[in-house]
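Descriptive analysis of the structure
The chain contents come next:
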Amino acid sequence: MDVPYQIRTHDQYLEAYRAAAEDPEVFWADVARHFRWRRTWDSVLEWNFTDPQVRWFHGAKLNITENCLDRHLDARGSQPALIFEPNDPGSPSQILTYRELHFRVMQFAQVLKNNGVQKGDRVCLYMGMIPELPIAVLACARIGAVHSVIFGGFSAQSIADRVNDAQAALVVTCDGSLRGAKEVPLKPVVDEALGACPSVQKVVVYAHTGTPVSMKKGRDLWWADEIERVNAMGNPFVEAEEMDAEDMLFILYTSGSTGKPKGVVHTCAGYMVWTNYTFINAFQYRPGDVHFCTADIGWITGHSYLLYGPLSAGATTVMFEGIPTWPDAGRLWDIVDRHRVSILYTAPTAIRSLMGFGLEPIAGKSLTSLRVLGTVGEPINVEAWNWYGTHIGGGRCPVVDTWWQTETGGVLISNLAGVTPAKATFATLPMPGVDPVLVDEQGEEIAGNDVSGNLCIRKPWPGMLRTTYGDHERCRQTYFSAYPGMYFTGDGCLRDRDGHYRITGRVDDVLNVSGHRIGTAEVENALNMHAGVVESAVVGVPHGIKGQGIYAYVVYRGGIDDANQIRRDIAATVSRVIGPIAKPDAIQLVNGLPKTRSGKIMRRILRRIAEGETANLGDTTTLLDPGVVDEVAAGRIPI
Ligand code: WTA
């Protein structure tokens, strides 16, 4: 694909940034005309951040799968679109060319249709990282159904919450998934969830592990049987549904500062343009590149940079079922060599954990196919940044530190690989069209350089969220009310002397554990479900590998004969309610929590104690019972 909007020099970046700021409508129309539209737009951008309402390419008609699949068939039908690396290193990898992926997507699109799914219906996907997941995702997009992928590590309760919020008509799942030496059951978890989900009519089950599962008559169908039914109908060409630019493409649930995750909504045209533009520019994609994004499709990174960005650009994308440390810590490097990966995109957590194994797992690996490295999901420390560039990139490959969020759809702040300067621990500069603003607690803009504040974005960009599913007011409250007229990211940020941005972490009650967003309130809700827990408070604590760990203070009712057993039971409760990713790293049983006279928990103090600061805890005179602090400090659990 000819990509005239690829930025190739620093000057071109400055020029693109200026042009997009000066006249966004002209700039984005000029990018958008390189896509396949059934009908072009009446207006490029209409917006206000009060309602908020944002419309890009209003009036245009398209289908994103025609842009990710059909339009590549003539030029690169036999090029690999998807390379699947299975969990077991002894099993052969699977390659799906653009033509094959196109075919398989249409087959499954027909399966969805045969089961009554229509444009606008919601479909939840709870699967492992196997090719059938992107096939099902794209099949939804093909027929205009709204996909909502639920990360395969979430609990039955988390599935039920998401399915019910979205009122999903159909669920796609597997018998189980494979993660290193472990087999993770999926269908039994779905069964448990769906007991409380009346909207679900059908469940399509892909047999992957071969473990026996129960199949409910009238509801559950085997993927293979359904495909056979489609094949019996003849060669399926499922015409792509004509979608409005602003029709919903997907919902992805993400944690915020309240207990209930919210369904971030992305729409068809803006998201497509944004993921494509940022993929091509941040990673400096070149035809023939093999792009390996290690993120799970259950998170936004997998949506935007394993699927939609690379496929819309006609790239070859690698999908890995397993984990980086199995069967040994050289697994990712094996994959890079075997598939001649040129762009590797992963999380700081993975880098830090692999660093811990030393250089032995890298010995004997070539890694010469690599050209660009990327990181995402959390702040990266200097050591990890250097190690990645030196030992994986061989000192040749630029490292892009891409900052963005589920809500932003794609990268907002990042260096462009080899084109704009990189700086360790800095996401550096905004993408064209992105107007970052630092504000103080009062909402005043902090101008100039060498300053820090809360990060907001002043203008709309095509990939931004449009609403939170079923609750637009929540979207307004969460993102557009703290600083009127701006989108508030929830992140703290500094701008250095050169105007480069460095994200310092969340300033709200959201934790970032191994690059996964988890709300403290969500974990507290889960803790409080344990029969013995009276009250709890959760704070983040620095963690060498995960970035942040979860520290829970729990007021426990009843006798404490075996504190370890109680802690294990409480942790198991969190796992069951949310999923293992939310399990606290430390649970401290306490008699009381430090509270103000008005009953507010003093998290600032709890955070400092968890961090190991047990002496200078600041002003405690406003506390209802200052003695509580000493007890809590004395019982601190080091992690
Ligand atoms: C954090 C992931 C520092 C940030 C794409 C943000 C980062 C949250 C970076 C979004 C980065 C993401 N440097 N922090 N390069 N990238 N974050 O929604 O706190 O899972 O708000 O999206 O991750 O997490 P989410």
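Going by the structure above, here's the rest.
About the cut-offs
- Residues numbered from 1 in each chain as written.
- Predicted model: local features only at pLDDT ≥ 70, side-chain atom pairs only at ≥ 80, totals over all residues.
- Heavy atoms only, no water.
- Pairing = 2+ DSSP bridges.
- Helix = DSSP H or I, 4+ residues; strand = E, 2+ residues; numbered from the N terminus.
- Axes fitted to C-alpha atoms, helices over the stretch in contact; angles between N-to-C directions.
- Near = heavy atom within 4 Å.
- Polar contact = N/O pair within 3.5 Å; in protein donor to acceptor, adjacent residues only side chain to side chain.
- Nonpolar A, V, L, I, M, F, W, Y, C, P; charged D, E, K, R; others polar.
- Parallel < 35°, antiparallel > 145°, perpendicular 65-115°, else oblique.
- Contact = heavy atoms within 4.5 Å.

With mixed pairing, the 7 strands of this open sheet are ordered in space as E5-E4-E17-E16-E18-E19-E20. The sheet terminates laterally at strand E5 (94–97) and strand E20 (399–402), the two strands that pair on one side only. Averaged over all pairs of adjacent strands, the angle between their axes in this sheet comes to 20°, without regard to strand direction. The sheet contact formed by strand E4 (residues 80–85) and strand E17 (residues 316–320) spans 4 bridges and is parallel. Counterpart to isoleucine 83 in the pairing with E17 is valine 318.

Taken together, the 4 strands give an open sheet; going across it, the order is E21-E22-E24-E25, and neighbouring strands pair in antiparallel fashion. In the strand order of this sheet, the two ends are held by strand E21 (436–439) and strand E25 (501–506), each with one partner. Neighbouring strand axes in the sheet, compared pairwise and without regard to direction, differ in orientation by 45° on average. Pairing geometry for E21 and strand E22 (residues 451–457), over 4 bridges, is antiparallel. By the bridge assignment, valine 437 is partnered in E22 with cysteine 456.

Here we come to the site of the ligand. Near the ligand there are 17 residues, and of these Asp401, Thr406, Asp491, Arg506 and Arg517 occur at the shortest range. Contacts to the ligand include glycine 377, whose backbone N or O atom sits 3.1 Å from a nitrogen atom. In the environment of the ligand, an oxygen atom lies 2.6 Å from a nitrogen or oxygen atom belonging to the side chain of threonine 406. Elements with a minimum of two residues in the shell around the ligand: helix H11 (300–312), E20 and E25. Broken down by class, the residue content of the shell around the ligand amounts to 6 nonpolar, 6 polar and 5 charged.

Here we take up the packing of helix H13 (residues 348–355) against helix H14 (residues 382–392). Direction vectors running N to C along H13 and H14 enclose 75°, while the axes themselves pass 10 Å from each other. Taken together, H13 and H14 sit at an angle that is classed as roughly perpendicular. Seen from H13, the contacting residues are Ile351, Arg352, Leu354 and Met355; seen from H14, they are Glu383, Ala384, Trp387 and Tyr388. Looking at side-chain class alone, the contact of H13 with H14 contains 6 nonpolar, no polar and 2 charged residues.

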